[in-house]
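Coordinate analysis (summary)
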Amino acid sequence: MYFENKTLEDIIVDQAVLVEVMEKNGLTCHGGWDYDRMTFDKRFDVKEGRYYLRVFCTAVSGDCGNNTATLKILKPALGKYYYPHGVEYGEDEVFPAHLVKKCESILENIKKDLAEIGVA
């Protein structure tokens, strides 16, 4: 499930700033990076299963590997984890309403935090 029109999409921000804001809101990038992209995750274990809120980013300049990137935030997504296949984001997935609401709140907080420091 992709979060449409949550105002994070297309924001361009320095890598160090984004990492700080994401970590403040519980999203981390443990190995979810390549030289030109990063993915921030927050895991949710709820009675309906395991889910991940993911915020995808791509470098518009610099290098994620040496922490010099300027990142563009792409469309955030909520996916359900299936062992051993991985995370599915598809239209056929059912996402608990309470979890969707919580993820929307987290995304709004990220937007607010970025706005407070003059980004967005």
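The model shown is predicted, which means the values in this text are computed figures rather than measured ones.

Thoughts on the pattern of salt bridges
Per the stated rule, a full pass over the model turns up seven salt bridges. The residue Asp-10 makes a salt bridge to Lys-72 at a minimum N-O spacing of 3.5 Å. Here Lys-72 lies in strand E5 (residues 70–73) and Asp-10 lies in the segment before strand E1 (12–14), a separation of 62 residues in the sequence. Taking relative accessible area as the criterion, Lys-72 reaches 28% and is therefore assigned partly exposed. Across the pair Asp-41 and Arg-54 runs a salt bridge whose closest N-O atoms are separated by 2.6 Å. Of this pair, Asp-41 sits in strand E3 (residues 37–46) while Arg-54 sits in strand E4 (residues 49–61); the two residues are 13 residues apart in sequence, bridging distant segments of the chain. Three or more residues are tied together by salt bridges with common partners; here these are Arg-43, Asp-45 and Arg-50.

Things to note about helix H1 (residues 15–24)
For H1, every residue scored as buried is listed here: Gln-15, Leu-18, Val-21 and Met-22. The buried residues of H1 occupy one face: seen down the axis, they fall within an arc of 130°. For H1, the exposed residues set more than 90 degrees away from the buried face come down to Glu-20 and Lys-24. As for H1, its buried residues are in contact with E1, E3, E4, E5 and helix H2 (97–116).

Rules and cut-offs
Residues numbered from 1 in each chain as written. Predicted model: local features only at pLDDT ≥ 70, side-chain atom pairs only at ≥ 80, totals over all residues. Heavy atoms only, no water. Salt bridge = Lys/Arg side-chain N within 4 Å of Asp/Glu carboxyl O. Helix = DSSP H or I, 4+ residues; strand = E, 2+ residues; numbered from the N terminus. Buried < 20%, exposed > 50% of the residue type's maximum accessible area, 1.4 Å probe, protein only. Arc of directions from axis to C-beta. Contact = heavy atoms within 4.5 Å.

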